[in-house]
Amino acid sequence: SKHLRPWRAVSLLDANQLERFRLAGYAVGPGTMGENLTVEGIDSHAMLPGERLKFEGGVVLVVSEPRIPCDVLDAIHPRLKDDCFGRCGVMLRVEQPGTLREGEMFHVVQDSLAGDSSSLWPHTVAVLAGGKGRRIGQPKAALILADGRTMLEHVVENLRPLAERIVVVGDGPACAIAERLGVQRVADRRPGCGPLAGLDALMSAVEDDRYLVAACDQPRLDLFCARLLVERDAEIREHDRRSGVRRAPRGVFFRSEMGRKLDPLPGLFPADWRGTIERCLAENRLALSPIVRSLEPAWRTIPEVLTKRLVNVNTPEELETFNRQIHKPS
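The shown structure was predicted, so the numbers you read here are calculated from the model rather than taken from an experiment.

A.B. asks: Explain the packing of helix 5 (residues 194–205) against helix 7 (residues 274–282) here, please?
C.D. replies: In the contact formed by helix 5 and helix 7, the axes pass within 10 Å of each other and the chain directions differ by 135°. Considering their axes alone, helix 5 and helix 7 lie oblique with respect to each other. Crossing geometry of helix 5 relative to helix 7 is assigned as left-handed. Counted together, Leu196, Ala197, Leu199, Asp200, Met203 and Ser204 of helix 5 and Arg274, Ile277, Glu278, Cys280 and Leu281 of helix 7 form the full contact between these two elements. By residue class, the composition of the contact of helix 5 with helix 7 is seven nonpolar, one polar and three charged.

Right, dumping it as structure tokens:
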């Protein structure tokens, strides 16, 4: 494979998305955007990790991650790479090799380790909304984005399809926004102590054994990235089950293909870490990254370019950049 990693063996784009790019003025057709496989009948942008494409000839491909636009698109148009970010299809690994033939039928099977992608994760998704937003001039949770929603609304709605229980942790404007969205709110018991205090409040108020936690200033975070964490957690648990290993849940966090360990939000936090979190708060050790790394979590490796979906919006300039991107043509 030219994609260098087994989980990126095949790139796929659907014909409907190609047609949208063509109607937007780009000279594209099957194969011209560098994809190995062009298919009809599915929306590749909506596919989630773990979904399987089973072809009538026996080939089985498994969705692993979103496809990141590369420099091959510059030859078509210098703007295409930017315009198709997030809408460029998916990468797949080969589960059952074989030969694909033009016109071959296939069907999608939603049976990943993370569970049926149409089902809900049976644990808690939380959004921390306690920051004051000093660099941006107001609490980030209440910032109005270009689509008319607050930043907190944007993150909650992005993650809502993942789990039945969505929790907002924070005070101030987060109270009214959580009520409007119809989700549970947990008060921040130690305002000004950062995300560590938010995790403490969450684990004290909501009983569960694992929590997928994001920050309200991560509006680019989407369902695909969130499910990558869930899938990695499920892989670890399945491996332990088959090996006969019994241990408490591990945290799961992102790192880039270059080995760079990313900030721990978003991340999957086990309830067993609560004691460590309480001790660090008592000792006024509030930096979350060194605490997470000291607890030896598991990591989900993602392409360097995909890390753009995880960055925080911290300044007016970053907010302006995000608002320019929010209404890209679909």
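Here the narrative resumes, following the displayed structure.
A.B. asks: Hey, could you run me through the side chain of Glu104 in this one?
C.D. replies: Among the structural elements, Glu104 can be located in the loop between strand 5 (90–96) and strand 6 (106–109). No salt bridge is formed by the buried Glu104, whose closest oppositely charged neighbour, Arg101, lies at an N-O distance of 4.6 Å. Excluding residues within four positions of it along the chain, Glu104 makes contact with Phe55, Glu56, Gly57, Gly58 and Thr99.

A.B. asks: Hey, could you run me through the sheet that holds strand 3 (residues 52–55) in this one?
C.D. replies: To summarise the sheet geometry, strands pair through backbone hydrogen bonds and adopt either a parallel or an antiparallel arrangement. Spatially, the six strands line up as an open sheet ordered 2-1-5-4-3-6, and their pairing is mixed. Whereas interior strands pair on both sides, the edge strands pair on one side only; in this sheet they are strand 2 (37–39) and strand 6. Neighbour-to-neighbour, the strand axes of the sheet open up by a mean angle of 35°, direction not taken into account. Here six bridges tie strand 4 (residues 60–66) to strand 5, and the two strands are oriented antiparallel to one another. The residue of strand 5 that forms the bridge with Glu65 is Met91.

A.B. asks: When you look at the nonpolar core in this model, what are you seeing that I'm missing?
C.D. replies: Of all hydrophobic cores here, the largest spans 53 residues; its most connected members are Leu53 and Leu152. Take this core: its biggest share by element is seven residues, from helix 6 (residues 223–243). Ignoring anything within four residues of it in the chain, the contact list for Leu53 reads Leu12, Ile42, Met47, Val59, Val60, Leu61, Val63, Leu92, Phe106, His107 and Val108. Val186, Val206, Tyr211 and Ile291 belong to the second largest nonpolar core, which has 26 residues in total.

A.B. asks: Whenever I open this one, the environment of Leu100 confuses me. Can you help?
C.D. replies: With respect to the helices and strands, the residue Leu100 is situated in the loop between strand 5 and strand 6. Sequence separation between Leu100 and Gly58 is 42 residues; the distance between their C-alpha atoms is 8.7 Å. Sequence-distant contacts of Leu100, defined by excluding residues within four places in its chain, comprise Leu37, Phe55 and Val59.

A.B. asks: What am I meant to see in helix 5 here?
C.D. replies: Since the α-helix packs 3.6 residues into each turn, any two residues three or four apart lie on the same face. Its 12 residues place the ends of helix 5 17 Å apart at the C-alpha level, agreeing with the 16 Å of an ideal helix rising 1.5 Å per residue. Among the residues of helix 5, those classed as buried are Leu196, Ala197, Gly198, Leu199, Asp200, Ala201, Leu202 and Met203.

A.B. asks: Even after reading the chapter, I still don't get the environment of Phe269, so can you show me in this structure?
C.D. replies: Within the element layout of this structure, Phe269 appears in strand 12 (residues 267–270). Looking at Phe269, the relative accessible area reads 1%, which means it is buried. On a C-alpha basis, the gap between Phe269 and Tyr211 in space is 5.2 Å, while along the polypeptide they are 58 residues apart.

A.B. asks: Teacher, can you tell me more about the pairing of strand 10 (residues 210–215) here?
C.D. replies: When a strand is regular, its side chains alternate between the sheet's two faces. Among the six residues of strand 10, six are classified as buried, and the element is accordingly described as predominantly covered. Alternating residues of strand 10 divide into Arg210, Leu212 and Ala214 and Tyr211, Val213 and Ala215, and every residue in both groups is buried. The pairing of strand 7 (residues 121–128) with strand 10 spans five bridges and is classified as parallel. Its bridge partner lying in strand 10, Val127 is registered against Ala214. One ladder, built from four bridges, connects strand 10 with strand 12; its direction is antiparallel. Its bridge partner being in strand 12, Val213 is matched across the sheet by Gly267.

A.B. asks: So what exactly am I meant to see when it comes to the confidence of the model for the protein here?
C.D. replies: Caution is warranted with low-pLDDT regions, since their predicted coordinates should not be read in detail. Across the protein, the average pLDDT comes to 87, with 94% of residues at 70 or higher. At the level of individual helices and strands, the protein shows its lowest average pLDDT in helix 2 (residues 80–83), which scores 81, and its highest in strand 12, which scores 98. For the stretch residues 112–117, pLDDT sits under 50, and the model shows 20 contacts to residues farther than four places along the chain or on other chains.

Criteria and cut-off values
Residues numbered from 1 in each chain as written. Predicted model: local features only at pLDDT ≥ 70, side-chain atom pairs only at ≥ 80, totals over all residues. Heavy atoms only, no water. Axes fitted to C-alpha atoms, helices over the stretch in contact; angles between N-to-C directions. Helix = DSSP H or I, 4+ residues; strand = E, 2+ residues; numbered from the N terminus. Parallel < 35°, antiparallel > 145°, perpendicular 65-115°, else oblique. Left-handed = near helix turned anticlockwise from the far one by under 90°. Contact = heavy atoms within 4.5 Å. Nonpolar A, V, L, I, M, F, W, Y, C, P; charged D, E, K, R; others polar. Buried < 20%, exposed > 50% of the residue type's maximum accessible area, 1.4 Å probe, protein only. Lys, Arg positive; Asp, Glu negative; His and termini not counted. Salt bridge = Lys/Arg side-chain N within 4 Å of Asp/Glu carboxyl O. Pairing = 2+ DSSP bridges. Core = buried A, V, L, I, M, F, W, Y, C linked by side-chain atoms within 4.5 Å. Expected span 1.5 Å × (residues − 1). pLDDT = per-residue confidence, 0-100.

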